[in-house]
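# Per-entry structural report
Listed here are the chains, written in short residue letters.
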Amino acid sequence: MLCNTSIVIFFILICISSKVNSRLLLKSSNTFEEVKVGLDSLSGSVVAYGDFNSDKFTDVFVLDSTLQKLSVYLWQANSTTFEHLKTADIDVSKDSLYIVNVIPNDFNYDGRLDVLIMATKQKSDKPNNELIMRLYKGKQNSFDEYIQVPSSMNIQPTLIDFYGNMHPNLIGYPYSNVTNTYNLHVWKFNSTKVEIEPISIKDTEKGKEICKISLPHSNAFIDLDGDCLSDLFVTCENGTYEIWKNTVDKGFVFSRSGQLPNNVGPISFADMDGDGTIDMVFYEWISTGSAWSKKKEWNLHIVYNKQIPLCSKDVETNCRSVHDLCSADDKYEFDFNLEGDGHIKIPIKAPIQYDNLYDKANIPIPIRIGDINMDGYPDIILSISETTKPIEIYQSVPCNTKLGCNENATKANRRTLLYSEHSKVLNRRQNIRSAAFMDIEENGTVDILLFGEQEADKRVYTVVNNLHNDAFFMKTITLNGACSSICSNNEKYSPFGVNYIGSTYKFTVIDLVGQKRANQVAQLSQSNYNALQTPYCLFGLGRTNSYIEELFVGVSRRTQKHYNVYSGMIPNSQLIIIPYQQENGDTSSWQLKQFINPSEYVPYVFISLVSTIVILIIITLLLQFLEKREDELEKKRALHIINFDAF
């Protein structure tokens, strides 16, 4: 019995160990390291992410250097490489089109990943040019024939859930070759066709109508007032921004507007200081010097979202309870005053403004955000106009006056960004133009894709994050609720690859000193201008000795209860939330799947357990041998006594 049990345990441990060992072999430690995963020989660039075959591994969409062929590369966990799915190529060269944006999403709401391409007939950024769109319905291993989508003006339409029913829509300006009119419309998708109809986003009570969208824009579908229901953020042609609050009964109503700095670049969003609110991150330039020798001075800006604080022993009134994180703060604000406590300015070198992959289409390179050290505070990666050192990582650090923060920001526990020495590893190759984050092996680390050029071809290089972080992470993905864990549509398949937009996560963590703080994370808030956001959310928890007490998950469904709460989530795991519910149903039908991530220490635990089992077996056999020998001696003594008595 003992031997049989030991054999079973032994084989179980071998299975666990083999799963952990099927990872990339790295030479260096505590740094970034370039590896080959099947993308380095391509002539093109990664333009989108998505789980195309629904195997819970993220695949990549690669656009070739001519901008006319889109390919799908599937991640193979066993061989740790990306492999070309030849049955899912999209080629528009016969129509002389140039692809300028790719949006993977479940547009026909069947639980499978589709692809929407935006293309032009000429590489130009003129707003009155035609932006041609096609929808390719996915079948997890190939595409159906495309559906022609009504064209728009060259201001890329914004992907949102306009009707609050978990279905994706586009809002923007349809193309007209007769008059250059900019009337807002919505694109509605179904299984066979795409329709557009005029809409009016306005607030009659406040006498406000949505502004004309800028070109390019930084529109986002993201929760900014803290109620876990994604709002609409719009950048306007006149240099302002508008926030339209998403409500259950009235749809989008006007909430806030403000003036952006002159010469502002793309705007990205993240909870930069870990206070449970979404902040703005962008760069801008100003002219300095005399009229004869003008220079551009570049600065990175973090504008913090100021909301009511988390309730604590020190703050008991006018605060947000840890058990009610999805309560709205209607008085939230973005304070652009540099003398206040909510605006940080960081001097930087001149960034690369446009992605040269798209030539004269002038597609901006956004600030890409990810937590490389899993401390719970997002870091950023920038593309700099330097030939030898074009990529710079800026890590989040606490504010102090020595780092350029004012006293108000320091007292408010704001964070700033500081150049990281890890940037040097990313600049060993020449002609790198931009970078993006991705968890390649699905092991809870923020890896980096580098996009460069070699002669006339574009290249992709993969850099794996091998930093030793004494911190935990959580990885989450919310599906669109098209079906439960298994879809049945003439065939059975899993709905894991849908790239649902607009999900919100809010949670609290307790650090090692017992201090509790809140965090907010947004899933796929931006989809335009090569945003390259992952379909999942990977966020650091820092050094904590506890579970996530309560995780709030919000979706864009306009019902009174549009979020759910999950308790006791285990760190270093992946959560899949399936918000499936019947019509007029509630959140009790939602499903949660949790997958524990094997630790890098599992091989050592395996060796220890095997060694312990072997030692125990040896001890057991030795004791058994000694016991048997003692029994034999006892029998001989008893036999000797009997013989003596008989004599």
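Residues numbered from 1 in each chain as written. Predicted model: local features only at pLDDT ≥ 70, side-chain atom pairs only at ≥ 80, totals over all residues. Heavy atoms only, no water.

## Focus on the overall build of the protein
- When you go through the protein residue by residue, the secondary structure sums to three helices and 42 strands.
- Expected size for 647 residues packed as a compact globule is a radius of gyration near 26 Å; at 28 Å, the protein falls within 12% of this value.
- Sorting the 647 residues of the protein into buried and exposed places 56% on the buried side.
- Long-range pairs, those at least 24 residues apart, make up 58% of the contacts in the protein with a sequence separation of at least 6.
- Computed over 61 positive and 76 negative side-chain charges, the separation of the two mean positions in the protein equals 3 Å. (Helix = DSSP H or I, 4+ residues; strand = E, 2+ residues; numbered from the N terminus. Rg over C-alpha atoms; globule rule 2.2 N^0.38 Å. Buried < 20%, exposed > 50% of the residue type's maximum accessible area, 1.4 Å probe, protein only. Contact = heavy atoms within 4.5 Å. Lys, Arg positive; Asp, Glu negative; His and termini not counted. Charge placed at Lys NZ, Arg CZ, Asp CG, Glu CD.)

## Section: the UniProt feature "domain: T-cell immunomodulatory protein TIP C2" (unreviewed entry) in the protein
- When the UniProt feature table is mapped onto this chain numbering, "domain: T-cell immunomodulatory protein TIP C2" (unreviewed entry) sits at residues 495-595.
- Across residues 495-595 one finds 0% helix and 47% strand; the C-alpha atoms that close the span lie 16 Å apart. (UniProt positions renumbered as here; feature names shortened; annotations may be inferred.)

## Some remarks on the sheet that holds strand β9 (residues 147-153)
- Taken in spatial order, the four strands of this open sheet run β6-β7-β8-β9, and their pairing is antiparallel. In this open sheet, the two edge strands, each paired with only one partner strand, are β6 (98-105) and β9. Averaged over all pairs of adjacent strands, the angle between strand axes in this sheet comes to 20 degrees, irrespective of strand direction.
- Sheet analysis places strand β8 (residues 130-136) next to β9, joined by five bridges and oriented antiparallel. Following the sheet pairing, R134 is matched in β9 by Q148. (Pairing = 2+ DSSP bridges. Axes fitted to C-alpha atoms, helices over the stretch in contact; angles between N-to-C directions.)

## Focus on the packing of aromatic side chains
- The final tally for this structure, using the stated rule, is 19 aromatic pairs.
- Considering the side-chain rings of Y136 and F143, the 6.1 Å spacing of their centres and the 70 degrees angle between planes classify their relative orientation as edge-to-face. No difference in accessibility class separates Y136 from F143, as the two residues are buried.
- When the ring of Y136 is compared with that of Y146, the centres are 5.5 Å apart and the planes differ by 50 degrees; the resulting orientation is tilted. In this pair, Y136 sits in strand β8 while Y146 sits in the loop between β8 and β9, placing the two residues ten residues apart along the sequence.
- Members of the aromatic cluster, each reached through a chain of ring pairs, are F52, F61, Y136, F143 and Y146.
- The ring of Y377 carries the charged tip of R415 above its face, separated from the ring centre by 3.6 Å.
- Geometry around F252 places R558 over its ring, the cationic atom sitting 5.1 Å from the centre. (Phe/Tyr/Trp six-rings, centres within 6.5 Å; stacked < 30°, edge-to-face > 60°. Lys NZ or Arg CZ within 6 Å of the ring centre and 35° of its normal.)

## Structural notes on a negative patch on the surface
- Together, E627, E630, D631 and E632 give the surface a local cluster of negative charge.
- With respect to the helices, strands and loops of the structure, E627 is situated in helix α3 (residues 602-646). (Patch = residues over 30% accessible without salt bridge, like charges linked within 9 Å, V, L, I, M, F, W, Y side chains within 5 Å. Areas by Shrake-Rupley, 256 points an atom, 1.4 Å probe, with all protein chains shown as cover. Salt bridge = Lys/Arg side-chain N within 4 Å of Asp/Glu carboxyl O.)

## A short note on the pairing of strand β12 (residues 185-189)
- In terms of burial, β12 is a largely internal element, four of the five residues being buried.
- Here four bridges tie strand β11 (residues 169-172) to β12, and the two strands are oriented antiparallel to one another. Across the sheet, the residue bridging to L170 is W187, located in β12.
- In the sheet, β12 pairs with strand β13 (residues 194-198) via five bridges, with the strands oriented antiparallel. The residue bridging F189 from the neighbouring strand is V194, located in β13.
- Adjacent in sequence and paired antiparallel, β12 and β13 are bridged by four residues.

## Here we look at the nonpolar core
- One finds F32, L39, V46, V60, F82 and I448 to be the most contacted residues of the largest nonpolar core, which totals 66 residues.
- The element contributing the most residues to this core is strand β30 (residues 432-438), with five residues.
- Apart from the residues lying within four places of it in its own chain, the contact partners of F32 are I372, I393, H422, V425, L426, V446, I448, V463, V464, N465 and L467.
- In terms of nonpolar packing, the next biggest core, distinct from the first, is built from 65 residues, F143, I160, L184 and W244 among them. (Core = buried A, V, L, I, M, F, W, Y, C linked by side-chain atoms within 4.5 Å.)

## Here we look at the sheet that holds strand β10 (residues 158-160)
- Across the sheet, which stays open at both edges, the four strands sit in the order β10-β11-β12-β13 with antiparallel pairing between neighbours. The open sheet has two free edges, formed respectively by β10 and β13, since each of these has just one partner strand. Recorded for the sheet is a direction-independent mean angle of 30 degrees between the axes of neighbouring strands.
- Pairing between β10 and β11: three bridges, direction antiparallel. In the strand pairing of β11, I160 is matched with N169.

## Re the pattern of salt bridges
- The final tally for this structure, using the stated rule, is 27 salt bridges.
- D273 is paired through a salt bridge with R414; the nearest N and O atoms lie 2.7 Å apart. Linking D273 in the loop between β20 (268-270) and β21 (279-288) with R414 in the loop between α2 (407-411) and β29 (415-419), this pair joins segments that are 141 residues apart in sequence. Here D273 and R414 have matching classes, each one buried.
- K516 is the partner of E549 in a salt bridge, and the nearest nitrogen-oxygen pair spans 3.1 Å.

## Examining the state of the cysteines
- Here the structure, examined in full by the defined rule, presents five disulfides.
- Note that C311 is cross-linked by a disulfide to C319, the S-S spacing being 2.0 Å. Between C311 and C319, the S-S torsion sits near 90 degrees, and that sign places the bridge as right-handed.
- Look at C319 and you get buried, because its relative accessible area is 17%.
- Shown here is the disulfide that connects C399 with C405, its sulfur atoms set 2.2 Å apart. A torsion of -60 degrees about the S-S bond marks the disulfide between C399 and C405 as left-handed. Side by side, C399 and C405 carry an identical accessibility label, which is buried.
- Each bonded cysteine in the protein gets a number by its place in the sequence, and the pairs come out as 1-3, 2-6, 4-5, 7-8, 9-10.
- Of all cysteine sulfurs, the one in C228 lies closest to C537, which takes part in no disulfide; the gap is 13 Å. (Disulfide = S-S within 2.5 Å.)

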